[in-house]
Amino acid sequence: MNKIQNNKAWLLVIPVFVIVAFSAIIPLMTVVNYSVQDIFGPGQRVFIGTEWFKEVLLDERLHDALWRQLLFSALVLLIEIPLGILIALALPTRGWSVSLFLIILALPLLIPWNVIGFIWIVFARPDIGLAGKTINDLLSIDYNFTSNAFDAWITVLIMDVWHWTPLVVLLCYAGLRAIPDAYYQAASIDGASKWAVFRYIQLPKMREVLTIAVLLRFMDSFLIYAEPFVLTGGGPGNSTTFLSQFLTKMAIGQFDLGPAAAFSLIYFLIVLLFSWLFYTAITHISQ
Amino acid sequence: MARIDLQKIAHAYRPHPSKPADYALKPMDHVWEDGGAYALLGPSGCGKSTLLNVISGLLRPSEGRVLFDRRDVTDLPTKERNIAQVFQFPVIYDTMTVFENLAFPLRNRGFGREQVSARVNEVAEMLELTPVLHKRAQNLTADAKQTISLGRGLVRSDVTAILFDEPLTVIDPHLKWLLRRKLKQIHEQYKLTLVYVTHDQNEALTFADKVVVMNDGEVLQLGTPQELFERPAHTFIGHFIGSPGMNFLACELDGAHAVTSGERIALLPGLAERARQRGGRMEIGVRPEFLRLRNEAGDGTLAVKIASVRDLGNFKIVGVRLGEHLLNVKVAEDQDLPAEQAHLGFTAEMTRLYANGVLVG
Amino acid sequence: MTLKLDQVSKKVGGAQHLYPLDLELKPGLNVLIGPTLAGKTSLMRLMAGLDKPSSGRILMDGREVTDMPIQKRSVAMVYQQFINYPSFTVYDNLASPLRLAGLAKAEIERRVREMAALLHLEPYLERLPGELSGGQQQRTAMARALIKDASLLLFDEPLVNLDYKLREELRAEMREIFQRRQAVVVYATTEPLEALLLGGASTVLDAGRVLQHGPTLEVYHRPATVRAGQIFSDPPMNTVLGKVEDGMAWLGEQIGLPLAGHLTDLAPGRYRFGVRANHLFIAPGSAEDVAINAVTQLAEVNGSETFIHITHHDGTYWVVQEEGVHSLGLGKEIQIYVHPRHLFVYDEADRLVAAPRSERRLAATPPEPETRHGAH
């Protein structure tokens, strides 16, 4: 009798299981199913084992997309994490201005992702965009993100930094606010420099929020789709085609369901692998 | 090491204080001797932490000057005052070893490798931290962490004063003894000026040479533990220090005697006369420790009824009724007690008289 | 109501927080005394039903409740931190457990007023917890626990975050409140004096084991093991290794004393002798007193008493609690005195074999009204 009462909690978890089953496990299994078959048409399918996996793994275009993706995620982390920490450190700690700054910072996070892409098209267009025209006319730099691969990269990067750095700032700010005043007082008594305060108090105390920030930013940037799709459409050429976009082209554009499924699984495993690497690396540093 | 002068110090958190209630710290004038161990004692909100912050430089007083060894430091930040502080909760640098923690204040001040190492090892030896010197500080117990905080102050030879903000809050009673002993020994050895903030009378009295009792932003008395115990300057102190606190009996004066509930209690010669000159509401104050409880009536004893007995192991607290008053009497664990009727003896030397709450003598 | 723990243990990961223990708690006050990490909080969480024991059974009034969730048990808990609903007024904080129980409005009103009166909260009923002092916040938390009329009340060091004088005041009030209740009250503390002030029964806990259980004064006067004696004395009980040989008791190698009084029947063998700090003196009190050579390490004065920290030639560290103010220099050779009747004796198995006879000639203690007065 008591046992049954005690197990009631499991009932509350069931909805989660059902949702996860429908949202992740069942679709994933469908993908696994597709990835090992060649589909000619409805009802016509042949089991081909790991054939698609081999093909996808050897695909040059995939390699290119993967390298582009890794470079992009690396740049995003290298810029957004330090920048986020710097801004969080520079924010005021008390007074009415705190909420003002936080609201302004949070604004980009509230805009739908495809709208972000559109905003930046308008902003960066060399003919009418505020930024694009200024760079071309006032600074006399030849800038066109639709025709120049380097310009396109820079634009996508700046867009991502603008969009997502606030998240890092907010996380770091919360971490910084949680440090008791006594630590700063002690450091001041110990004659610590600003750098020493950062290195030995603020950074260690921010470790947990930074772990979350790095993981979130890595996963999000690795899965980026909507913004470059709207802004550059993956071009010029394939220069801003990242993994997600490559996958979409393959699955929807060319309707190669088998290879696309195999690729999806590989993609999923790569994300999982890198997240695990980051997580263990960061938690290991603290031991 | 330094003498600390507080010259007409006062502090209000709001600008333009006009009445006494506006002050978190009411105007005060004190000289604290070089090498003294001072305790700031009072209930929460009495202003003791405000005063500590004024000394450490975290707070600039709205009035008055702070002098360290006659040098005006009122406008100097904490960093330039050469003080050290141990906080209520252990503050250590998590990522560093114990050695690095202790070396931190020296390295920040640009000391050489050998100097740092020599000094840290010396302090670690003194604080019995040598066995854990190369362990991560984060994983140590609370008392070890507080010892490290103290050590970070001691490594600096230029330290003028060490401030303690309720440092034993998170320490086990058993270990409190050991830490206090360590602290006392360091004080005896190095003659540092120590300032210790606490609400715990036991900690304050056992730690300090001089205790500063505060209430409501005001210093009520500065004295040795014995003075505070035997001659509390104010009824508040009589109540606050001692456990249980002093007994107070409203009384009237009649010749050289105090009269309460129709009973006459002898006072020291001349005391009643001085009290009359002062005027106001009169109270007798006598500590439970200085009352004698007898089975038989004796010279000058008063008949009382025993109302309660609390056996606290190595002593008993007996509540006795004298007229409308209830008094606590501390008696030895093996004293024989009558069931109800007893006789209470006062000692004139230890019976204090208060006029409007202030000690007459 | 009685609470019975039958071979209860708790293991978290690889760490044994509580070793299998038996305990029977009767209505009234039960003090759990032990240093931090002794397992007090772990034990209370098991009693409350917040955690499940790794083994063993918990019985309330003979009925097994081991697997019963906390919501179904009649239990209330007060913590070190002042835990109240921050957005509720004091009134609503007190009323909330009664509203949950579905009581009528008039009844709730009556009980809230009654409890507020008992804990001196009447002037603050309309305030929010954030607007109260620490003492008032903890009074509110206690009132909320008491108002439920739970049959098990758990207090986990509730006074630790309060000012010294406030503790004294609340302790005295609680003692009175508990005396009037039929509930099993469990009160965890690290301080012997607090246990003695509260009275009732005491359980000495150390490193996950119950060292002793009994009436508080009984535990104080007859601590079952050396460790129990140390935990139940502040400063900790002083001890020294010794032996009984040729009709003499020897404290260490040098100090011999005759086997008299409660020591008469000691068999020859090795023992550990214990003596409380307040039974050591710096001047002989009688002809039977034994002198012990020592070196002063430190003297602390607390107003009416002096605590003299000393070491013996073999490095043993003791504390002497002496009435009055004595200034003794550091590193001075002195003699301290102990009367043999104050010695506790423990055998090699760490069992108490002889304890001082406590003189408690007062057979019946009169009722104890609260004795606060003259408070300013």
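Residues numbered from 1 in each chain as written. Chains lettered and ligands numbered in written order. Predicted model: local features only at pLDDT ≥ 70, side-chain atom pairs only at ≥ 80, totals over all residues.

Observations concerning the overall build of chain C
Looking only at helices and strands, one finds eight helices and 21 strands in chain C. Each of the three principal axes of chain C carries a C-alpha extent, and together these read 75 × 50 × 45 Å. Residues counted as buried form 44% of the 376 residues belonging to chain C. Expressed as a percentage of contacts within chain C between residues at least 6 apart in sequence, the contacts between residues at least 24 apart total 66%. (Helix = DSSP H or I, 4+ residues; strand = E, 2+ residues; numbered from the N terminus. Buried ≥ 20, exposed ≤ 12 C-beta atoms within 10 Å, placed from the backbone. Contact = placed C-beta atoms within 7 Å.)

With respect to unusual backbone geometry
Residue Pro244 of chain B follows Ser243 of chain B across a cis peptide bond; omega there is -5 degrees. For Pro244 of chain B, the position within the fold is in the loop between α8 (235-240) and β11 (247-250). The peptide bond linking Asp234 of chain C to Pro235 of chain C adopts the cis configuration, its omega dihedral lying at 0 degrees. Counting through the fold element by element, Pro235 of chain C comes out in the loop between α8 (226-231) and β11 (238-245). Despite not being glycine, Asn356 of chain B has its phi angle at roughly 50 degrees, a positive value. Tracing the chain through its elements places Asn356 of chain B in the loop between β21 (352-355) and β22 (358-359).

Focus on the pairing of strand β9 (residues 201-206) of chain C
Residues and elements named next belong to chain C. Taken together, the four bridges between strand β3 (residues 28-33) and β9 define a ladder with parallel strand orientation. Residue pairing for β9: Val31 is matched across the bridge by Ser202. Pairing of β9 with strand β10 (residues 209-215) involves six bridges; the strand directions are antiparallel. Bridging across to β10, Ser202 finds its partner in Gly214. Hairpin geometry of β9 and β10 is characterised by an intervening segment of two residues between the two adjacent antiparallel strands and by a positive phi of about 45 degrees at Ala207. (Pairing = 2+ DSSP bridges.)

Concerning the interface of chain C and chain B
Listed by partner, the interface residues are 42 residues for chain C and 47 residues for chain B. At the level of secondary structure, the elements contributing two or more residues to the side of chain C that touches chain B comprise α5 (164-179), α6 (192-198), α7 (216-221), β16 (290-301) and β17 (305-311) of chain C. Broken down by element, the side of chain C that touches chain B gets its largest block of residues, four residues, from β16 of chain C. For the side of chain C that touches chain B, the per-class residue count stands at 18 nonpolar, 14 polar and 10 charged. (Nonpolar A, V, L, I, M, F, W, Y, C, P; charged D, E, K, R; others polar.)

Notes on the interface of chain A and chain B
Listed as interface residues are 14 residues of chain A and, on the opposing side, 18 residues of chain B. Residue composition of the side of chain A that touches chain B, by class: nine nonpolar, four polar and one charged.

Focus: the domain arrangement of chain C
Residues and elements named next belong to chain C. Domains assigned within chain C are domain 1 (3-230) and domain 2 (236-354). Summarising the inter-unit geometry, the C-alpha centres of domain 1 and domain 2 are found 37 Å apart. The interface of domain 1 with domain 2 comprises seven residues on the first partner and nine residues on the second. (Domains from an automatic or database assignment.)

A word on the sheet that holds strand β20 (residues 341-345) of chain B
Residues and elements named next belong to chain B. Pairing within the open sheet is antiparallel, and its five strands lie in the order β16-β20-β17-β18-β19. Because the sheet does not close on itself, it has two edges, and the strands there are β16 (292-294) and β19 (325-332). For this sheet, the mean inter-axis angle between neighbouring strands, taken without regard to orientation, is 45 degrees. Sheet topology note: the strand β17 (residues 302-311)/strand β18 (residues 315-322) ladder contains six bridges and is antiparallel. By the bridge assignment, Asp311 is partnered in β18 with Lys316. (Axes fitted to C-alpha atoms, helices over the stretch in contact; angles between N-to-C directions.)

Quick notes on the environment of Trp318 of chain C
Within the secondary structure layout, Trp318 of chain C lies in strand β18 (residues 317-323). Spatially, the C-alpha atoms of Trp318 of chain C and Gln297 of chain C are 9.7 Å apart, while their sequence positions differ by 21 residues.

Concerning the nonpolar core
As a rule of thumb, soluble globular proteins bury nonpolar side chains together. By size, the foremost hydrophobic cluster in this structure holds 108 residues, and its most contacted members are Tyr38, Ala39, Leu40, Val195 and Tyr196 of chain B. The biggest single contributor to this core is helix α2 (residues 98-108) of chain B, with six residues. Counting 70 residues, the second-largest nonpolar core is a separate cluster that includes Leu152, Leu159, Leu162 and Leu211 of chain C. (Core = buried A, V, L, I, M, F, W, Y, C linked by C-beta atoms within 7 Å.)

Focus: the pairing of strand β15 (residues 282-286) of chain B
All names here are of chain B. Extensive coverage of β15 is indicated by the burial of five of its five residues. Here β15 shows two buried faces, one formed by Met282, Ile284 and Val286 and the other by Glu283 and Gly285. Judged from the four bridges that link them, β11 and β15 form a sheet pairing that is antiparallel. Bridge pairing in β15 places Leu249 opposite Ile284. In this sheet, β21 lies alongside β15 in antiparallel orientation, the contact comprising four bridges. Each residue of the ladder has a partner; that of Met282, found in β21, is Ala355.

Focus: the environment of Gln44 of chain A
Inspection of the secondary structure puts Gln44 of chain A in strand β2 (residues 44-47). The sequence separation of Gln44 of chain A and Gly132 of chain A amounts to 88 residues, and the corresponding C-alpha distance is 51 Å.

Examining the sheet that holds β16 of chain C
Residue and element names in this part refer to chain C. Strand order in the open sheet formed by five strands is β15-β19-β16-β17-β18, with antiparallel pairing between adjacent strands. Unpaired on one side and paired on the other, β15 (280-281) and β18 mark the two borders of the sheet. By the bridge criterion, six bridges tie β16 to strand β19 (residues 333-338) in an arrangement that is antiparallel. From the neighbouring strand, Ile292 faces β19, where its bridge partner is Ile336.

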